[in-house]
Amino acid sequence: MLIGIDIGFGFTKATDGKDFLVFKSVYGESVDLQFRENLLQTEKNDEHIQIEIDDTPYFVGELAERQSSSRSFTLDQHQFVSSSSKILALAALSKLVHEPKQSIKLVVGLPIGHYRQYKKELKETLQTTHNFTSVDANGVRTEMQIAVSDVRVLPQPIGTVMDRLLGATGIPKNQRFASDKIGIIDVGFRTTDYTISDKGRYSERGSLTTRNGISRAFTKIGAKLKEACNIDIEIYRLFEAIDSGSIKIRGKSYDLKPITERSFQQLATAIATDANTLWADDWDMDAIMITGGGGAVLAPYIEKQLEGVVIPIKQDLDYRLHNVRGYYKFGLYTWRTKEQ
Ligand SMILES: Nc1ncnc2c1ncn2[C@@H]1O[C@H](COP(=O)(O)OP(=O)(O)OP(=O)(O)O)[C@@H](O)[C@H]1O
Ligand SMILES: [Mg+2]
């Protein structure tokens, strides 16, 4: 069994090749849920992710956001790799692995800026047998024993290239991606990653991580809202409001369109300027791809300011999931060739 996991600062994304799982990269201590039954049917779709590692109980994702009194939502990279990544990865496995005892292989990604430094540590953290407990929405406990026999770590945006290069069964299908020089801009929640895939190879020279994630724009919009109504809104709650163009606070509706337009424009300019500077000498680049959940929102603004041809991303999937689908395909490709 093969699983791809993309642990972002905003969202953890995972796939077993059939299903996709997305949850907020937030976890917290679990509390006793006194009323386990839902009062209204509408909450049925909420994902219940609850695990126990070494006797420490955790709520993960939306559940942590709603129920945990103290939540970790880390933006610190070292802490992220050493503690959060394991909790978030096991949380994903608790949903995707259906047998209590299972052996699996994993492909995971790290931000470009931390790839070299943390690649080994992340592999060591994950490549072992994990014993933990998974607790479902009704309180039923399952002891899990997941043996992770092999782990591959990729620079995050390379997932998107792999997704285009490889077919659904992990066989290279798109020659263009194997022979061309492609720049990738991955706009995430906190970071924007730049990298180059040169004939299918990752080039460290054209790579960079900046703090220009979509949260930059969200923070600005949040500050403006605070001015208007004196309420602090956690930025990871703003996505839907920004998407729909307005937000209702204490019954009053606020129009978010003008401030959103301005903030996106500014952020896109910063992102495009960095790309143009970073790749100034890479005039032989064939094309540029924009990916990541933030890319879905900012691509129209960024595109206009880039020096180069932009390949539109396939619209068949949530932008946040292109990397992780690529990880999965890369796993198929890697372990297929080895085992032949
Ligand atoms: N359907 C959606 N629901 C929520 N957010 C979405 C959705 N589609 C796009 N987004 C945007 O995607 C962003 C998160 O993108 P992504 O999952 O790629 O970031 P990340 O990988 O978690 O962050 P980083 O790369 O900085 O670690 C959100 O902040 C939001 O702006
Ligand atoms: Mg990301």
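Computed from a predicted structure; not experimentally measured. Within each chain, residue numbers correspond to sequence positions counted from 1 in written order. Just so you know, chain letters begin at A and ligand numbers begin at 1, following the order they were written in. Per-residue local features of the predicted model are confined to residues with pLDDT of at least 70, and side-chain atom pairs are confined, for both listing and counting, to 80 or more; whole-chain, interface and lining totals are unaffected and use all residues. Computation of side-chain values covers all heavy atoms of the structure but excludes hydrogens and water.

Engineer: How should the pairing of strand 12 (residues 192-198) be read in this particular structure?
Structural biologist: Two faces, one strand: in a regular strand the side chains alternate between the faces of the sheet. Classification of residues uses two cut-offs on accessible area relative to the type maximum, computed with a 1.4 Å probe and protein chains only: under 20% is buried, over 50% is exposed, and between them is partly exposed. Put simply, DSSP H or I for four residues or longer makes a helix, DSSP E for two residues or longer makes a strand, and each gets a number counted from the N terminus. Within strand 12, 6 of the 7 residues are buried, which leaves it mostly tucked inside the rest of the structure. Examined bridge by bridge, strand 11 (residues 181-187) and strand 12 share 7 bridges and lie antiparallel to one another. If you follow Asp186 over to strand 12, its bridge partner there is Asp193. What sits between strand 11 and strand 12 in their antiparallel hairpin is a turn of 4 residues. As paired strands, strand 12 and strand 13 (residues 201-210) are joined by 6 bridges and run antiparallel to one another. Of the residues in strand 13, the one forming a bridge with Thr192 is Thr210. A pair of strands is considered paired only if DSSP assigns at least 2 bridges between the two. Hairpin geometry of strand 12 and strand 13 is characterised by an intervening segment of 2 residues between the two adjacent antiparallel strands and by a positive phi of about 50° at Lys199.

Engineer: In this structure, what is going on with the site of ligand 1? I would like to understand it.
Structural biologist: We call a residue near a molecule or strand when any one of its heavy atoms sits within 4 Å of it. Around ligand 1, a shell composed of 17 residues is seen, among which Phe9, Phe11, Lys13, Thr191 and Gly293 lie nearest. As used in this structure description, the phrase polar contact means that two N or O atoms lie within 3.5 Å; if the pair is within protein, one of them must be able to donate a hydrogen and the other to accept it, and residues adjacent in sequence are counted only when both atoms belong to side chains. Between ligand 1 and Phe11 there is a distance of 2.8 Å, counted from an oxygen atom to a backbone nitrogen or oxygen. Within the backbone of Arg190, one N or O atom sits 2.8 Å away from an oxygen atom of ligand 1. Alone, ligand 1 offers 650 Å² of accessible surface; in the complex the protein occludes 89% of this. Elements that contribute at least two residues to the shell around ligand 1 include exactly strand 2 (11-15), helix 6 (214-229) and helix 9 (293-303). Throughout this entry, Asp, Glu, Lys and Arg are counted as charged residues, while Ala, Val, Leu, Ile, Met, Phe, Trp, Tyr, Cys and Pro are counted as nonpolar. The remaining residues, Gly among them, count as polar. For the shell around ligand 1, the residue count by class is 6 nonpolar, 7 polar and 4 charged. Here the Shrake-Rupley method, with its probe set to 1.4 Å, supplies the accessible areas, and only the displayed protein chains count as covering residues.

Engineer: Sorry if this is basic, but what is going on with the domain arrangement of the chain here?
Structural biologist: A common way to express how large an interface is: the accessible area buried when the components associate. By the assigned domains, the chain splits into domain 1 (2-155) and domain 2 (158-213 + 260-339). Throughout, a residue-residue contact means that at least one pair of heavy atoms, one from each residue, lies within 4.5 Å. Across the boundary between the two partners, domain 1 contributes 31 residues, which contact 28 residues of domain 2. A buried area of about 2,600 Å², summed over both sides, lies between domain 1 and domain 2, and 74% of it is on carbon and sulfur atoms. What counts as a salt bridge is simple: a side-chain nitrogen of Lys or Arg found within 4 Å of a carboxyl oxygen of Asp or Glu. Where domain 1 packs against domain 2, one counts 1 salt bridge. Linking Arg116 and Glu204 is a salt bridge whose minimum nitrogen-to-oxygen distance equals 3.1 Å. Connecting domain 1 to domain 2 are 6 residue pairs in polar contact (both at pLDDT 80 or more). Secondary structure elements with two or more residues in the side of domain 1 that touches domain 2: strand 1 (2-7), strand 2, strand 3 (20-24), strand 8 (101-110), helix 3 (112-126) and strand 10 (141-155). The dominant element in the side of domain 1 that touches domain 2, judged by the number of residues it contributes, is strand 8, at 5 residues. Domain segmentation is taken from an automatic or database assignment of domains. Buried area: the sum, over both parts, of the accessible surface (1.4 Å probe) that disappears when the two are put together.

Engineer: Where do I start with the sheet that holds strand 13 in this structure?
Structural biologist: Two modes of strand pairing occur in sheets, parallel and antiparallel, and in both the strands are linked by backbone hydrogen bonds. Strand order in the open sheet formed by 5 strands is 13-12-11-16-17, with mixed pairing between adjacent strands. Only two strands of the sheet have a single neighbouring strand rather than two, namely strand 13 and strand 17 (310-311). In this sheet, strand 17 lies alongside strand 16 (residues 287-291) in parallel orientation, the contact comprising 2 bridges. Each bridged residue has a counterpart across the sheet, and for Ile288 the counterpart in strand 17 is Val310. Every angle, taken between N-to-C directions, lies between 0 and 180 degrees, and every axis is a line fitted to C-alpha atoms, over only the stretch in contact when it is a helix. Of the strands in this sheet, strand 12 and strand 13 are in contact with helix 3, which crosses strand 13 at around 115°.

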